[in-house]
Amino acid sequence: MTSVVLGSASPARLRVLRDAGLDPSVLVSDVDEDALIAELGDAAPHVVVTRLAQAKADAVVAAILSDDVPAGADCVILTCDSMLLLDGELSGKPHTPDVAIAQWRRMRGTVGHLMTGHCVTRLRDGAVVAAAADHQSTAVRFSDVSDELIERYVATGEPLKVAGAFTLDGLGGWLLDGIDGDPSSVIGISLPLTRRLLRRVDVDVADLWRA
Ligand SMILES: Nc1nc2c(ncn2[C@@H]2O[C@H](COP(=O)(O)OP(=O)(O)OP(=O)(O)O)[C@@H](O)[C@H]2O)c(=O)[nH]1
């Protein structure tokens, strides 16, 4: 039986996978994302998010192989990285209310693209036997909301810790006019893309579904 490791601290990614029938163990990577983004310079946005996902995979693989973290003889490691592309600029989590408010004042009434890099790495008997990576981009139409609603949304704290300062499946849903693409990718991990990447490492997703 192939076990699943989610290499992410994201509660949303874990919820998406659990709701979709998987019971992953969680191993958080310790990648310095800002340093890698700086190193990647003016790389294309999809390259940035995919390289970040791959870097997280490398960190989790190293932790499993060096610390003998029990991950099972045959396991797949799922890692992702999400950022919002708006007017050619990638942004991650705002972290502070001022940044979140400024982000919303820029994006209200416009369309952004939530980009999520994905990496699936297969480990068997302590060695990487296959890996596959790609990205998913989902268009997000932001409502033209008032300064007051932006400030009240930011005051909840929710937008501070998510890419692009919004959620599709939380309070942020009240401020979106819609998306074109895959909802799970916006929340944090694309189920259809992960299914295709699992196929590329010779794993059928239905074999991972809890009984
Ligand atoms: N619930 C929810 N979370 C979102 C949404 N959009 C982005 N996020 C979260 O924003 C975070 C993006 O930051 P990342 O750097 O990709 O991931 P992280 O949370 O730092 O966790 P790591 O994978 O350990 O780096 C992730 O936790 C995503 O799940 C959304 O629409 N809904």
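Preceding this section is the structure that the text describes.
The following refers to the structure shown. (Residues numbered from 1 in each chain as written. Predicted model: local features only at pLDDT ≥ 70, side-chain atom pairs only at ≥ 80, totals over all residues. Heavy atoms only, no water.)

### Looking at the overall build of the protein
Convention followed: In this text, helices come from DSSP runs of H or I with a minimum length of four residues, and strands from runs of E with a minimum of two, each type numbered from the N-terminal end. Computation of the radius of gyration draws on C-alpha atoms alone. For the globule rule, the value is 2.2 Å times the number of residues to the power 0.38. The contact rule is simple, with two residues in contact once any of their heavy atoms fall within 4.5 Å. Reported accessibility uses the Shrake-Rupley method at a 1.4 Å probe radius. Residues are deemed covered only where the shown protein chains occlude them. Asp and Glu are treated as the negative residues and Lys and Arg as the positive ones, with His and the ends of the chain left uncounted. Charged side chains are reduced to one point each, which is NZ for Lys, CZ for Arg, CG for Asp and CD for Glu.
Counting secondary structure elements, the protein contains seven helices and seven strands. When the helices and strands of the protein are read in sequence order from the N terminus, they spell out β-α-β-α-α-β-β-α-β-β-α-β-α-α. Radius of gyration (C-alpha) of the protein: 17 Å, near the 17 Å computed for a compact globule of 211 residues. Counting only C-alpha atoms, the protein reaches 55 × 40 × 25 Å along its principal axes. Excluding contacts between residues fewer than 6 apart, the proportion of contacts in the protein whose partners are at least 24 apart in sequence is 73%. By element, 53% of the accessible surface of the protein is carried by carbon and sulfur atoms, the whole surface being about 10100 Å². Between the mean site of the 19 positive side-chain charges and the mean site of the 30 negative ones, the protein shows a separation of 4 Å.

### Details of the packing of aromatic side chains
So the rule is basically this: Here a pair means two rings of Phe, Tyr or Trp (six-membered ring of Trp) with centres within 6.5 Å. Their orientation is stacked below 30 degrees between planes, edge-to-face above 60, and tilted elsewhere. A 1.4 Å probe rolled over the protein chains alone gives each residue an accessible area, and that area as a share of the maximum for its type sets the label: buried under 20%, exposed over 50%, partly exposed in between.
Here the structure, examined in full by the defined rule, presents three aromatic pairs. Ring centres of Trp104 and Phe142 lie 5.5 Å apart, and the angle between their planes is 85 degrees; this geometry places the pair in the edge-to-face category. With Trp104 in helix 4 (residues 97-107) and Phe142 in strand 6 (residues 127-142), this pair connects stretches of sequence that are 38 residues apart. Judged on exposure class, the residue Trp104 and its partner Phe142 are both buried. A ring pair is formed by Trp104 and Tyr153, whose centres lie 6.1 Å apart and whose planes are at 85 degrees; its orientation type is edge-to-face. A residue pair is termed long-range when its members are at least 10 positions apart, and Trp104 in helix 4 and Tyr153 in helix 5 (residues 147-155) qualify at 49 residues.

### Remarks on the environment of Ile150
Topologically, Ile150 is positioned in helix 5. Given the relative accessible area of 0%, Ile150 is considered buried. Taking the C-alpha atoms as reference, Ile150 lies 6.5 Å from Ile101; in sequence the two are 49 residues apart. Not counting residues within four places of it along the chain, the set of residues in contact with Ile150 comprises Ile101, Trp104, Arg105, Arg108 and Val145.

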